[in-house]
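# Residue-level structure breakdown
Read off the chains here:
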Amino acid sequence: MNSISILDIVLIAGVSQGIFLALSLQFLKNQNKEANKVLVWVLLISVIMLLGRLLAFRVTADWIKYAGLTGDTTLFLVGPLIYMYVRRLAFMEKPPFRLGWIHFALAVLHLLYGGWYMSLSDTTLQSYFDSGFVYYLYFIVEAVGVLSLGYYVFLSFRLLRHYRKRQHQELSNPLVLYRFLKVFLWTLTACFVFWIASFLNMYFFRLDSTFLRYSSLWLSIPVFIYIVAYYSLRQPEIFRILYKKPTADRARLKPDEIEKIQKRLHYFMLKETVYLDSDLTLSGLSEKLHTTSNNLSWYLNNIHKASFSEYINELRISAFLQKIENEEHQKKTLLALAMEVGFNSKSNFNKVFKNQIGASPSAYIKAKKVA
């Protein structure tokens, strides 16, 4: 029996961690349920990939090698599922977003390819190896896999940029979702780049490298699982944004519509001070004003010359400055005052304050004392 290698240990750790995380996500209540269903499938696929590779290294039976070939079909499922996970996590869509069958066609074709490959006799298979046909077949299959995953990684990053832009337009406070998805996608990208490097080295450069080999590619998958495990179990209940494709600017509102929004906005800002709510969103405020998110966004951009977050944060900074005038900072911390006026983090408050005032909160207070 072969001794256990470092690769075996890493693969076993990845399998156990993937199973643990897939089970744990089932018991997270009210935590991104629809998105986590997809994430569980991604993790289970990763576990299947690792198990197939682990058994291929440890068991010499021919059926294990063929099963491992069929298990490689999972490589064509990861990309579409990752994109579906990002879309479900970032945006609200009912029913939950699903990809059409065409996105899984490559996985079906690879499964058929695996069935054909396993049906070949030993003699035929050996002749294909001798002629180099299998070499070019492996090259084509893996190249398609690389291109497929790259395509969905690209789509996921484009979706993340779309969310980032909409977040600034519709949320009064930036949320941790963007940071989580950025780490998630860049971790996946690192695995993808490593796969590309291994692919190029195997078929073009053929350098004698310990790291740029197909077998070492599987080391990146447990790393991906561990990082996903750390972040996904810490996911907060987040505010999603209604998904909509970018469209041309709406026609201007009629004067009576503008006046109606103006009066109700004035009431809710100055009388109800709803901007003090750190969870305030564009859609939430538009409901209070009995208008649509598009109408309110158009009104703020064209009448107040500011986005939703800019408009709300101007009011919050104004409320904070009033607290400084009242010398409330003598009894409370600056962070406590920032939280009272609607900010949800120190970093966000400091950034907004400096953008509006031109100095940090402490520098502003110090200069005020000198004056």
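Let me begin by describing the structure that accompanies this report. (Residues numbered from 1 in each chain as written. Predicted model: local features only at pLDDT ≥ 70, side-chain atom pairs only at ≥ 80, totals over all residues. Heavy atoms only, no water.)

## Describing the overall build of the protein chain
Selection rule: Strands here mean DSSP runs of E at least two residues long; helices mean DSSP runs of H or I at least four residues long; both are numbered from the N terminus. Each residue's exposure class comes from its accessible area (1.4 Å probe, protein chains only) as a fraction of the maximum for that residue type: buried when under 20%, exposed when over 50%, partly exposed otherwise. By definition in these notes, contact holds between two residues if any of their heavy atoms fall within 4.5 Å. Values of accessible area rely on a 1.4 Å probe in the Shrake-Rupley scheme; residue burial ignores everything except the protein chains shown.
A tally of regular secondary structure across the protein chain gives 17 helices and 2 strands. Relative to its 371 residues, the protein chain shows a buried fraction of 45%. By sequence separation, contacts in the protein chain at least 24 residues apart represent 75% of the contacts at least 6 residues apart. In the form shown here, the protein chain has an accessible surface area of approximately 20,700 Å², with 62% of it arising from carbon and sulfur atoms.

## Quick word on helix α5 (residues 105–119)
Short version of the rule: The span expected for a helix works out to 1.5 Å for each residue beyond the first.
Counted at 1.5 Å a residue, the expected span for α5 with its 15 residues is 21 Å, and the 21 Å between its end C-alpha atoms agrees. Every buried residue of α5 is listed here: Ala105, Ala107, His110, Tyr113, Gly114 and Tyr117.

## Examining unusual backbone geometry
Non-glycine residue Thr273 carries a positive phi angle of around 45°. Its location among the elements puts Thr273 in the loop between α11 (255–271) and α12 (282–288). On the accessibility criterion, Thr273 (26% relative accessible area) is partly exposed. A positive phi angle is found at Glu327, which is not glycine, with a value near 60°. Within the fold, Glu327 resides in the loop between α14 (308–325) and α15 (334–340).

## So, the nonpolar core
So the rule is basically this: By convention a nonpolar core is built from buried Ala, Val, Leu, Ile, Met, Phe, Trp, Tyr and Cys residues, the set being connected through side-chain atoms within 4.5 Å.
Within the largest apolar cluster, 41 residues are counted, with the highest numbers of intra-cluster contacts made by Tyr85 and Leu181. Counting residues per element, this core draws most heavily on helix α8 (residues 176–205), at 11 residues. If you look at the next biggest cluster of nonpolar residues, it comprises 34 residues, including Tyr275, Tyr299, Ile312 and Val341.

## Topic: the side chain of Ser309
Residue position: Ser309 is located in helix α14. Exposure remark for Ser309: the relative accessible area of 10% places this residue in the buried category. If near-sequence neighbours (up to four positions away) are discounted, Ser309 is found in contact with His168, Gln169, Leu171 and Ser172.

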